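Residues per chain are reported as follows:
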Amino acid sequence: MKIIDLRSDTVTRPTPGMIAAMSAAPVGDDVWGDDPTVNRLQAMTAEITGKEAALFFPSGTQSNLAGLMSHCERGDEYIVGQMAHTFRWEGGGAAVLGSIQPQPLEQEADGTIPLAKIAAAVKPFGPGLGTHFARTKLLALENTWGGRVLPQSYVLEAAALARSKGLNVHLDGARAFNAAVASETTIAEILAPFDSASLCISKGLGAPVGALLVGDRAFIERAHRYRKMLGGGMRQSGYVAAACIYALENNVERLHDDHANAATLAAGLGEIAEITVLAQATNVVFLNILEAHAKPLEDFVKARGMLMQGVYAARLVTHLDVSREDVNHFVAAVKDYFAGAAK
Ligand SMILES: *Cc1c(COP(=O)(O)O)cnc(C)c1O
């Protein structure tokens, strides 16, 4: 039985076409710079993102961390959203491994950090008062945010503000391709305001493993050394890079389907009285399920081959392995549950 897994877009499995591309990949030792497939992926990513260089990583967490470390030295500070992935969901790596002080700031519901808060958080630096503070070096934003695309006008303003204060700007763009597709624009346009960005290929794009860090050549050289330090030097990683090339060539435009499926999912679940659809954007749907129903509903759909997260955070995510029929099947099962539970 096919499992319909709506817990995350990280659960996708390589398709036969992707596996064929992986098997056929020419490989070498990438720590020696010898892997032609890794080199091709990096060149191709630099080109489509409009940046000078790109570096392949095993995960977005490591890519973000190497990026932060390449911008900030020990005792420097980065400004970041209170709920941002780099601050909240990456084990505190910037502080622990990078000796970088995070300056988290409360975000608005749309993921933006108010400009006045950013301006006020930048510490003075230099002789006199400035000796007291960590050096503020970087602003980090995240796009998409809970599936929502950050308003590009905001991104441009925030980046201009950061630059006026002497800061660089990094994007945690784990799902930046979703942002580009949803905005009918290019990934280069989404990344243009940023000095650097981290991109996940192992989420909606469907590769089993892989993330890329992009930026200028000197930045990527520093990141290369940090990747080594963080244990991210890989050998015949061309086999995995081939999956990422396949994903970039075949699975970007189809993100439209995931977004449409998420809208169908939200509309279907919205018809159920016991569920409130809080938000839907790109491939993510947030729900409010009456607490008494969350766990029983999870169990009910699980017994029918469907996986959802209802208890911790009711968030459903569509992806490559979820079709329109799967969405309809899932909505029907949830309706069945509530029809039974009402009695
Ligand atoms: C998934 C994700 C990452 C990186 O996660 P990995 O699992 O390490 O690849 C970073 N930021 C955001 C917003 C993410 O969703």
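Remember, predicted model here, so these are calculated numbers, not experimental data.

Chemist: When you look at the pattern of salt bridges in this model, what are you seeing that I'm missing?
Modeler: Two side chains carrying opposite charge are able to pair once their charged atoms lie near each other. Counted by the stated rule, this structure contains 15 salt bridges. With a closest N to O distance of 3.5 Å, R227 and D30 form a salt bridge. Of this pair, R227 sits in helix α10 (residues 217–229) while D30 sits in the loop between α1 (16–23) and α2 (36–49), and the two are 197 residues apart along the sequence. Taking relative accessible area as the criterion, D30 reaches 6% and is therefore assigned buried. Residue R40 pairs with E249 through a salt bridge whose shortest N-O separation is 3.5 Å. Of the two residues, R40 is situated in helix α2 and E249 in helix α11 (residues 238–250); the sequence distance between them amounts to 209 residues. With a relative accessible area of 46%, R40 lands in the partly exposed category.

Chemist: Got a minute to help me understand the packing of α2 against α11 in this structure?
Modeler: For any two helices packed against each other, one specifies the inter-axial angle together with the distance between the axes. Packing of α2 against α11 leaves a shortest axis separation of 8 Å and a crossing angle of 30°. Considering only the axes of α2 and α11, their crossing is left-handed. Contacts between α2 and α11 involve T37, V38, R40, L41, M44, T45 and I48 from the former and G238, A241, A242, C244, I245, L248 and E249 from the latter. Its residues assigned to classes, the contact of α2 with α11 shows nine nonpolar, three polar and two charged.

Chemist: So what exactly am I meant to see when it comes to α11 here?
Modeler: Owing to its 3.6 residues per turn, the α-helix brings residues three or four apart onto one side. Compared with the 18 Å implied by 1.5 Å per residue over 13 residues, the 18 Å span of α11 between its first and last C-alpha is a close match. Within α11, burial applies to G238, A241, A242, A243, C244, I245, A247 and L248. Looking at the packing, one finds that the buried side of α11 touches α1, α2, β2 (53–57) and α8 (176–182).

Chemist: Where do I start with the nonpolar core in this structure?
Modeler: A general trend in soluble globular proteins is that nonpolar side chains are found buried together. By size, the foremost hydrophobic cluster in this structure holds 52 residues, and its most contacted members are L139, L141, F177, L191 and I201. Setting aside its immediate chain neighbours within four residues, L139 contacts I79, I113, I118, A158, A162, L167, N168, V169 and H170.

Chemist: Explain the packing of aromatic side chains here, please?
Modeler: Working definition: an aromatic ring pair is given by the centre-to-centre distance plus the angle between the planes. A full pass over the atoms with the stated rule returns two aromatic pairs. Look at F300 and Y337: their rings are 5.4 Å apart centre to centre, the planes differ by 65°, and that puts the pair in the edge-to-face class. On the criterion of sequence distance, the pair formed by F300 in helix α13 (residues 291–302) and Y337 in helix α14 (residues 324–341) is long-range, its members being 37 residues apart. For Y337, a relative accessible area of 10% gives the class buried. Seen in terms of ring centroids, Y337 and F338 are 4.8 Å apart; in terms of plane orientation they differ by 80°. Their pairing is edge-to-face. In this pair, the class of Y337 matches that of F338, namely buried.

Chemist: It is not clear to me how the site of the ligand should be interpreted in this structure. Could you clarify?
Modeler: In the vicinity of the ligand, the contacting residues are S59, G60, T61, N64, H85, E90, E142, D172, A174, R175, C200 and K203. The contact in question runs from a nitrogen atom of the ligand to an N or O atom on the side chain of H85, over 3.3 Å. Separating an oxygen atom of the ligand from a side-chain N or O atom of R175 is a distance of 3.1 Å. Taken by itself the ligand offers 380 Å² of open surface, and the protein chains cover 81% of this. For the shell around the ligand, the element with the highest residue contribution is helix α3 (residues 60–71), accounting for three residues.

Chemist: Honestly, the packing of helix α12 (residues 255–270) against α14 in this entry has me stumped. Any pointers?
Modeler: It is at 10 Å that the axes of α12 and α14 come closest, and there the two elements cross at 15°. In terms of orientation, α12 lies roughly parallel with respect to α14. For the pair α12 and α14, the crossing hand works out as right-handed. Contact residues: α12 offers A260, N261, T264, L265, G268 and L269, while α14 offers R324, V327, N328, F330, V331, V334 and K335. For the contact of α12 with α14, the residue count by class is seven nonpolar, four polar and two charged.

Chemist: Would you explain unusual backbone geometry in this entry?
Modeler: With the exception of glycine, most residues fall at negative phi, and the peptide bonds are largely trans. The linkage connecting N143 with the following residue, T144, adopts the cis geometry, with an omega of 5°. The phi dihedral of S99 falls on the positive side, at around 50°, and the residue is not glycine. Along the chain, S99 falls in the loop between α5 (93–98) and β4 (101–105). Residues other than glycine seldom take positive phi values, yet T282 does so here, at roughly 40°. For T282, the position within the fold is in the loop between β9 (275–281) and β10 (284–289). Using a relative accessible area of 8% as the deciding quantity, one classes T282 as buried.

Calculation rules
Residues numbered from 1 in each chain as written. Predicted model: local features only at pLDDT ≥ 70, side-chain atom pairs only at ≥ 80, totals over all residues. Heavy atoms only, no water. Salt bridge = Lys/Arg side-chain N within 4 Å of Asp/Glu carboxyl O. Helix = DSSP H or I, 4+ residues; strand = E, 2+ residues; numbered from the N terminus. Buried < 20%, exposed > 50% of the residue type's maximum accessible area, 1.4 Å probe, protein only. Axes fitted to C-alpha atoms, helices over the stretch in contact; angles between N-to-C directions. Left-handed = near helix turned anticlockwise from the far one by under 90°. Contact = heavy atoms within 4.5 Å. Nonpolar A, V, L, I, M, F, W, Y, C, P; charged D, E, K, R; others polar. Expected span 1.5 Å × (residues − 1). Core = buried A, V, L, I, M, F, W, Y, C linked by side-chain atoms within 4.5 Å. Phe/Tyr/Trp six-rings, centres within 6.5 Å; stacked < 30°, edge-to-face > 60°. Near = heavy atom within 4 Å. Polar contact = N/O pair within 3.5 Å; in protein donor to acceptor, adjacent residues only side chain to side chain. Areas by Shrake-Rupley, 256 points an atom, 1.4 Å probe, with all protein chains shown as cover. Parallel < 35°, antiparallel > 145°, perpendicular 65-115°, else oblique.

These figures come from the coordinates and say nothing about function on their own.
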